[in-house]
Amino acid sequence: MLMSATITATDADFEEKVLKSDKPVLVDFWAEWCGPCRMIAPALEAIAHEHGEKITVVKLNIDENPATAAKYGIMSIPLMNVYKGGDVVKTIVGAKPKAALERDLAPFLA
């Protein structure tokens, strides 16, 4: 089995894993009950594998980590934020195929 290239974050370590990262971080806000979230998981895993040296892919379960979800006003999922230097620099809403996600992320993968 391939080791997961995505990283799991929690309310407790979000600052350390995401806000203090020295490279851009794509955070996937998701939940177990969210079908579209499960649909994009393989694409995010592939992006993490292929572009791991440029961008870190982090998954945050909003049911288990409500404080971070509330802090960033996450109302609907799937929603992905790209953080750079501790700030949200891009928001991607909804399930998209891998190619579309890579287009959205192109500035961070260059």
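The shown structure was predicted, so the numbers you read here are calculated from the model rather than taken from an experiment. (Residues numbered from 1 in each chain as written. Predicted model: local features only at pLDDT ≥ 70, side-chain atom pairs only at ≥ 80, totals over all residues. Heavy atoms only, no water.)

For this particular structure, what's the right way to read the sheet that holds strand β1 (residues 7–8)?
Within a beta sheet, neighbouring strands are joined by backbone hydrogen bonds and run either parallel or antiparallel to one another. One open sheet accounts for five strands, arranged β1-β3-β2-β4-β5; its pairing is mixed. The outermost strands of the open sheet, each flanked by one partner alone, are β1 and β5 (87–93). Summarising the sheet, strand β4 (residues 79–84) and β5 pair through six bridges and their orientation is antiparallel. Among the inter-strand pairings, K84 is bridged to a residue of β5, identified as D87. Against the sheet, helix α4 (residues 98–109) touches β2 (25–30), β4 and β5, its axis set at about 165° to β5. (Pairing = 2+ DSSP bridges. Helix = DSSP H or I, 4+ residues; strand = E, 2+ residues; numbered from the N terminus. Contact = heavy atoms within 4.5 Å. Axes fitted to C-alpha atoms, helices over the stretch in contact; angles between N-to-C directions.)

What exactly am I supposed to notice about the nonpolar core here?
When a protein is soluble and globular, its nonpolar side chains tend to lie buried together. Membership of the largest hydrophobic core comes to 19 residues, with the highest contact counts inside it found for F14, V18, V27, F29, I62 and I77. Secondary structure elements with two or more residues in this core: α1 (14–19), β2, β3 (56–61) and β4. A total of four residues in this core trace back to one element, the largest contributor, which is β2. Excluding anything up to four places from it in sequence, V18 contacts V25, V27, V58 and Y83. In this structure, A43, A48, V57 and V82 belong to the second largest nonpolar core, which totals 15 residues. (Core = buried A, V, L, I, M, F, W, Y, C linked by side-chain atoms within 4.5 Å. Buried < 20%, exposed > 50% of the residue type's maximum accessible area, 1.4 Å probe, protein only.)

What's the story with the side chain of T56 in this structure? I'm lost.
Among the secondary structure elements, T56 is positioned in strand β3. If sequence neighbours within four positions are ignored, T56 has contacts with I7, S21, K23, P24, V25 and L26.

Would you mind showing me how to read the packing of helix α2 (residues 35–51) against α4 here?
A pair of packed helices is captured by two measures, namely the crossing angle of their axes and the spacing between those axes. Between α2 and α4, the shortest axis-to-axis distance is 10 Å and the interhelical angle comes to 35°. Between α2 and α4 the crossing geometry is right-handed. Counting all contacts with α2, which are made through A43, L44, A46, I47, E50 and H51, the residues of α4 involved are K98, L101, E102, L105 and L109. A per-class count over the contact of α2 with α4 returns seven nonpolar, one polar and three charged. (Left-handed = near helix turned anticlockwise from the far one by under 90°. Nonpolar A, V, L, I, M, F, W, Y, C, P; charged D, E, K, R; others polar.)

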